[in-house]
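# Residue-level structure breakdown
The chain contents come next:
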Amino acid sequence: MSAPHRTAEEIGRTAAGPRPVPPLGTQRAAADLSHVDTTLSNGLRVLAVRKATVPLVELRVWIPFAGDDKLHPATAEVLAETLLTGTARRDRIEIDADLAVIGGDLASGVDPERLAITGTSLADGLPTMLDVLADALTGASYADAEVERERERLIERIAVSRTQPRTIAREALQKHRYGDHPAVREVPQAEDVAVVTPEQVRALHRASVLPRGSVLVLVGDIDPETVIGDLEKALGGWASDRSAVRLPVLPDLAGGNVLLVPRAGAVQSQIRLSAQTVSRTDPRYPALQLANLAYGGYFSSRLVENIREDKGYTYSAHSGFEFTDQTAVVNVDADTATDATAAALMETRYELARLGLVPPTADEVESVRQYAIGSLVTAASSQGGLAAQLAALAATGLGAEWLAEHPARLAAVTAEDVANAALEFFAPKRFTGVVVGDADVLAPKLKALGDVTVGEPAE
């Protein structure tokens, strides 16, 4: 006779009460990585890591790609869209066919800081993927018809993107933080894209798609020692005496007023706050990371509990780090209904102050510590996740050692360390930012809160 069915509630209880939750086990290191970290003869840094969980290889290329020219953002976007549409040896169809045979793909994208190329293939297809990559890096043709086709698609996407509240808020925040710095130009103007020519794209490729100062990450079922020789052979023709162009250093943020950016008739508002923090190599970073998680970095954080779970001001609130080269800031994001915006901003500031004055308890610190280490291990468990993490680290000069050692740094953080980081970095006066919304409705209440000024309407 089969045992009677029991509900989850019945399983979780005994005659004496609820069953105790078992303690968490000891966290493993993020990764035990067999790897090679070296620089090729052309100046390209290569980080090759063996992770043979599946017979695949993940590839990430990070090329510094800054520019001061007014048309640089538009030209760079067109370049990224057409980099893999044809070379002197292959047209678009031949590129797709060669990659399909190895179960692979390559894609490229760009932002003010870098040109990124991502790829994946079967492990035994890596030579083909590297050949296609090298072909594009050294011989992309940017055919007139391809540039024209992708340019028109890009114009349509930009037109749609610029109507999205999150895009509007991001651009407003960037301008408020950094003025006319090149980092601000994340989404080019459609009219600039419309005048980009194939020759301008080819010229930008010659001037800026350079190996020296760039990074290539390979993660997968590979022999790291052997693959370096394969890369030297495949990418030997990609060479220049010049270095890739890095983004100028961002100015440090100073706390200040929040700027209300008018968006007439908006039924929702976007709250975006930001403050200067420290880079991953700073000894205070592990404690700062845990302080951020306690504030708004995961679902059980104080900010989420307050303005989402308790008061229902927003569906999503979050805080997290943004790294640009050696610069780091912490951002706080929340989207709210217009009538809840002022109250949500007030509570967001309140939780910033409370984090320093009523710091996380030992239990809170242990909870966010387990979350941080567990998230790190989980993200590094897949080839793609590990490749993405290593590419982000390598772009700032770090590598696999930093990733492998970080759980120990997090484990060593004390509740006092977190309290000190909260008091130093999360004080409300350190933050500036923007609120994008209907100024006719929002201005009186936000001005009453203080430290809010009204700016020009969003474009």
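Residues numbered from 1 in each chain as written. Predicted model: local features only at pLDDT ≥ 70, side-chain atom pairs only at ≥ 80, totals over all residues. Heavy atoms only, no water.

### Thoughts on the packing of aromatic side chains
Counting across every chain of the model gives seven aromatic pairs. When the ring of Tyr-295 is compared with that of Phe-426, the centres are 5.7 Å apart and the planes differ by 45 degrees; the resulting orientation is tilted. Of the two residues, Tyr-295 is situated in helix α10 (residues 285-297) and Phe-426 in the loop between α16 (415-425) and β13 (432-437); the sequence distance between them amounts to 131 residues. For Tyr-295, a relative accessible area of 0% corresponds to the buried category. When its relative accessible area of 0% is taken as the criterion, Phe-426 is described as buried. Put simply, the rings of Tyr-285, Phe-321, Phe-323 and Trp-402 pair up and form one aromatic cluster. Of note, Arg-280 hangs over the ring of Phe-323, and the distance from its end group to the ring centre comes to 3.7 Å. (Phe/Tyr/Trp six-rings, centres within 6.5 Å; stacked < 30°, edge-to-face > 60°. Helix = DSSP H or I, 4+ residues; strand = E, 2+ residues; numbered from the N terminus. Buried < 20%, exposed > 50% of the residue type's maximum accessible area, 1.4 Å probe, protein only. Lys NZ or Arg CZ within 6 Å of the ring centre and 35° of its normal.)

### Some points on the packing of helix α12 (residues 341-357) against helix α17 (residues 439-449)
In the contact formed by α12 and α17, the axes pass within 9 Å of each other and the chain directions differ by 25 degrees. For the element pair α12 / α17, the angle class is roughly parallel. Viewed along their axes, α12 and α17 form a crossing whose handedness is right-handed. Where α12 approaches α17, its residues Thr-341, Ala-342, Leu-345, Met-346 and Arg-349 are matched on the opposing element by Leu-442, Lys-445, Leu-446 and Leu-449. For the contact of α12 with α17, the class distribution of residues is six nonpolar, one polar and two charged. (Axes fitted to C-alpha atoms, helices over the stretch in contact; angles between N-to-C directions. Parallel < 35°, antiparallel > 145°, perpendicular 65-115°, else oblique. Left-handed = near helix turned anticlockwise from the far one by under 90°. Contact = heavy atoms within 4.5 Å. Nonpolar A, V, L, I, M, F, W, Y, C, P; charged D, E, K, R; others polar.)

### Quick word on the pattern of salt bridges
Tallied over the entire structure, the rule returns 33 salt bridges. Salt-bridge contacts for Glu-152 lead to Arg-151; the nearest nitrogen and oxygen are separated by 3.9 Å. Residues joined by salt bridges that share partners form a network here, namely Arg-89, Arg-90, Asp-98, Asp-131 and Asp-135. (Salt bridge = Lys/Arg side-chain N within 4 Å of Asp/Glu carboxyl O.)

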